[in-house]
Amino acid sequence: MKIGYPCINTSIGCTANSTFRLRNYSEENMREKINNNLECLKRILEYNLKNELLFFRISSDLIPFASHPICTFKWEQEFKEEFKDIGEFIKENEFRISMHPDQFVLINSKDKRIVNNSIRELEYHCKVLDLMKLDRTAKVQIHVGGIYGEKEESIDRFIKNYNSLSDMIKKRLVIENDDRNFSLKDCLIIHEKTKVPILFDSFHHECLNNGEEVKHALKESIETWKENDGIAMTDYSNQEKGERKGVHAKHIYLEKFRKYLQETKEFNFDIMLEIKDKEKSALEAIKEVKRIRKE
DNA sequence: AGTTGTCAAGCTAGT
DNA sequence: ACTAGCTTGACAACT
């Protein structure tokens, strides 16, 4: 079991997701930001290694505007060696790596342009992991997408569009149950038809479920991961008290996390903590994991 | 130096 | 009709 946090480290004073405004696009800006982001990514990974946080989500902003038509800069070639170096560091230390394209990536959209833009964006994410020469256990997670007033049709459209994706994307793509539209059960229907692994988000499952107990839900999602996909990835968060449903906690609720670890003790899976104070909560979580899993 | 409106992209539910 | 929330933070133009 590996523990991690997404994209941003708040204590080492550098960001691997530095960007600029579209109107300021230039080769110079690209070069500067990518340089900064790759260097910082390395520093974050070094921090994580020291603190035994071996699961990390790389920011989608690593390469700004990578899938935008404006981007003609050949970043793959120019930073080939840097990607390779980071990849080697990741492999030597057995980090688990994921990426999470944002809400605009919708392969079940009714609009062909949105689907095409989404595919370009997925290609960019996979390209980053390919350049690092990571195997197919490094994953790219997305949600199923929109409902567009007709859930079944939208699921069918997801399946149809998924099937036409390139192997480059298929080998890394996993789907996550979300908190409002597509539950674990919906994801399982899609898995039946496509074999796409399901990344279980325990907090989303709390928000939207079909009455399954956490343990059972987790087990079902774990079973969708094949040998060469690696250990199942999961997301974990808590509801922030006093905020509306679905708002992520500022700081981990350790009691709840402990309970979750106890309940799921018999399974092996990796946990991404989607908590707003990032590595601060992750540091507390890793202590709990070491304590409870050693018992 | 600090503040604040705004940022490529979409969808949904709540106000 | 508008906005928050989604990984929500960071850029950049303004005091």
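Reading the values: rules and limits
- Here the residue numbering is sequential within each chain, running from 1 through the sequence in written order.
- Starting at A for chains and at 1 for ligands, labels are handed out in the order in which the entities are written.
- Thresholds applied to this predicted model are a pLDDT of at least 70 for local features of residues and 80 or more for the giving and counting of side-chain atom pairs; totals over whole chains, interfaces and linings are not thresholded and use all residues.
- In computing side-chain values, all of the structure's heavy atoms are included and hydrogens and water are not.
- The rule for pairing is simple: two strands pair if DSSP sees at least two bridges between them.
- By the criteria applied, helices consist of DSSP H or I runs no shorter than four residues and strands consist of E runs no shorter than two, each listed in order from the N terminus.
- Only the stretch in contact is used when fitting a helix axis, every axis being a line fitted to C-alpha atoms; angles between N-to-C directions are given from 0 to 180 degrees.
- Every residue pair with non-hydrogen atoms within 4.5 Å of one another is taken to be in contact.
- Here, proximity means that at least one heavy atom of the residue falls within 4 Å of the molecule or strand.
- Counting of polar contacts relies on pairs of N or O atoms within 3.5 Å, with two restrictions inside protein: one atom must be capable of donating a hydrogen and the other of accepting it, and residues adjacent in sequence are counted only when both atoms are side-chain atoms.
- Put simply, Ala, Val, Leu, Ile, Met, Phe, Trp, Tyr, Cys and Pro go in the nonpolar bin, Asp, Glu, Lys and Arg in the charged bin, and everything else, Gly too, in the polar bin.
- When two cysteine sulfur atoms lie within 2.5 Å, the pair is treated as a disulfide.
- Each residue's exposure class comes from its accessible area (1.4 Å probe, protein chains only) as a fraction of the maximum for that residue type: buried when under 20%, exposed when over 50%, partly exposed otherwise.

1. Considerations on the sheet that holds strand E6 (residues 198-201)
Here's step 1: If you walk around this closed barrel you meet the eight strands as E1-E2-E3-E4-E5-E6-E7-E8, and the pairing is parallel. Adjacent strand axes in the sheet meet at a mean angle of 30 degrees, parallel and antiparallel pairs treated alike.
Here's step 2: Summarising the sheet, strand E7 (residues 233-236) and strand E8 (residues 270-273) pair through four bridges and their orientation is parallel. When the sheet's bridge partners are listed, Asp-235 is paired in E8 with Met-272.
Here's step 3: Docked against the sheet, helix H7 (residues 184-194) engages strand E5 (173-176) and E6, running at close to 175 degrees with respect to E6.
Here's step 4: Along the sheet, helix H10 (residues 254-263) makes contact with E6, E7 and E8, crossing E8 at roughly 165 degrees.

2. Quick look at the protein's contact with DNA strand C
Here's step 1: As a matter of local geometry, DNA strand C sits amid 23 residues, with Ser-18, Arg-21, Asn-24, Arg-180 and Gly-246 nearest to it.
Here's step 2: Here DNA strand C approaches the protein such that, of its atoms within 4 Å, sugar and phosphate make up 55%.
Here's step 3: One nitrogen or oxygen atom from the side chain of Arg-57 is found 3.4 Å from a sugar or linking oxygen belonging to DNA strand C.
Here's step 4: Contacts to DNA strand C include His-248, whose backbone N or O atom sits 3.4 Å from a phosphate oxygen.

3. Describing the protein's contact with DNA strand B
Here's step 1: The local shell around DNA strand B holds 16 residues, among which Leu-22, Gln-103, Phe-104, Ile-147 and Tyr-148 are the closest.
Here's step 2: Looking at DNA strand B alone, sugar and phosphate atoms form 48% of those within 4 Å of the protein.
Here's step 3: Contacts to DNA strand B include Arg-21, whose side-chain N or O atom sits 3.2 Å from a base oxygen.
Here's step 4: Within the side chain of Arg-180, an N or O atom sits 3.4 Å from a base oxygen of DNA strand B.
Here's step 5: Tallied by class, residues from the surface near DNA strand B come to seven nonpolar, six polar and three charged.

4. Describing the state of the cysteines
Here's step 1: Across all of its chains, the model carries one disulfide by this definition.
Here's step 2: Disulfide pairing is shown between Cys-14 and Cys-40; the S-S distance is 2.2 Å. Taking the torsion about the sulfur-sulfur bond, which here is approximately 90 degrees, the covalent link between Cys-14 and Cys-40 counts as right-handed. Here Cys-14 is found in the loop between strand E1 (3-6) and helix H1 (27-50), whereas its partner Cys-40 is found in helix H1, with 26 residues between them in sequence.
Here's step 3: Judged by relative accessible area, which is 13%, Cys-14 ranks as buried.
Here's step 4: On the basis of relative accessible area, Cys-40 is assigned to the buried category, the value being 2%.
Here's step 5: Here Cys-187 stays unpaired: no disulfide links it, and the sulfur of Cys-207, its closest cysteine neighbor, is 14 Å away.

Read these as geometric descriptors, not functional statements.
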